[in-house]
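Close look at the chain arrangement
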Amino acid sequence: TEIYTLSLHDALPIYTIPTHPNILGKIRPVVGSDKRLEAIYTENVKTIAAINASRGIKTIFIGQILNKHWPQGPNMWAPLIKRGGFPPLQDRFNAILRDTAASVSARYIDAGVANFKDGDFVDLGHFTVRGAKKFAALISNDVDSYCETASAADPGRLTAARLHSGVETNQR
């Protein structure tokens, strides 16, 4: 079994915005969807699944879990997201991920952001050891079940790929 972990930003295009305070001029942070970005994200998720399928790899997508207690708002890596806008934005991208996974016959697992508290994170999106263990416990049955089903269908090859972020600490 091979497990690849990717952060959400691995499935999104990279935009470089200089951190000079005047770069945004009169543009203010906003709340709402960006249909173009959502379409790019969807295409990139489909591409990951297609590459995996072409190699005989079964794909498992796991929605990103963010610390809803972490201070939210504009910062250097997301200057146009309004304060408090991260949780609904992440919920939207997780819904897109879930729906896209279903459309490409991949598995989507929701670890449930409500299952995590502030002490499960070291910052906005990286788990503490306790959080990583909780995450692993929440997804392990679904991963095992999917791997067993995939293994029974193709006993010679089983590989799983996961798309999520904030689990770097559970790689230890």
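Cut-offs applied
- Throughout, residues of each chain are indexed from 1 in the direction in which the sequence is written.
- Only residues with pLDDT of at least 70 get local features here, since the model is predicted, and only at 80 or more are side-chain atom pairs given and counted; chain-wide, interface and lining totals rely on the full set of residues.
- The basis for every side-chain value is the complete set of non-hydrogen atoms in the structure, without hydrogens or water.
- Each helix is a run of DSSP H or I of at least 4 residues and each strand a run of E of at least 2, with the numbering of both proceeding from the N terminus.
- In a helix, the anticipated span is given by 1.5 Å times the number of residues less one.
- Only protein chains enter the accessibility calculation, which uses a 1.4 Å probe; a residue whose area is less than 20% of its type maximum is buried, one above 50% is exposed, and one in between is partly exposed.
- The arc in question is formed by the directions pointing from the helix axis toward the C-beta atoms.
- For our purposes a nonpolar core is just a set of buried Ala, Val, Leu, Ile, Met, Phe, Trp, Tyr and Cys residues, chained together by side-chain atoms within 4.5 Å.

**Let's talk about unusual backbone geometry**
Positive phi outside glycine occurs at Ser105, with the angle close to 55°. Relative to the helices and strands, Ser105 is located in the loop between α3 (86-103) and β3 (107-109).

**Some remarks on helix α2 (residues 35-54)**
Since one α-helical turn is 3.6 residues long, residues separated by three or four positions face the same way. When the terminal C-alpha atoms of α2 are compared, their 28 Å separation across 20 residues agrees well with the 28 Å that a helix rising 1.5 Å per residue should span. What α2 keeps buried is the set Glu38, Tyr41, Thr42, Val45, Ile48, Ala49 and Asn52. Considered in projection along α2, the buried side chains sweep an arc of 120° and stay on one side of the axis. Exposed and oriented more than 90 degrees from the buried face of α2 are Arg36 and Ser54. Positive backbone phi, approximately 75°, marks Gly56, located one or two places after α2.

**Digging into the nonpolar core**
Of all hydrophobic cores here, the largest spans 14 residues; its most connected members are Phe116, Phe127, Phe135 and Ile139. At 6 residues, the largest contribution of residues to this core is made by helix α4 (residues 129-153). The next biggest cluster of nonpolar side chains, apart from the first, holds 11 residues, and it includes Tyr41, Ile48, Ala49 and Leu97.

Shape is all these values report; function is a separate question.
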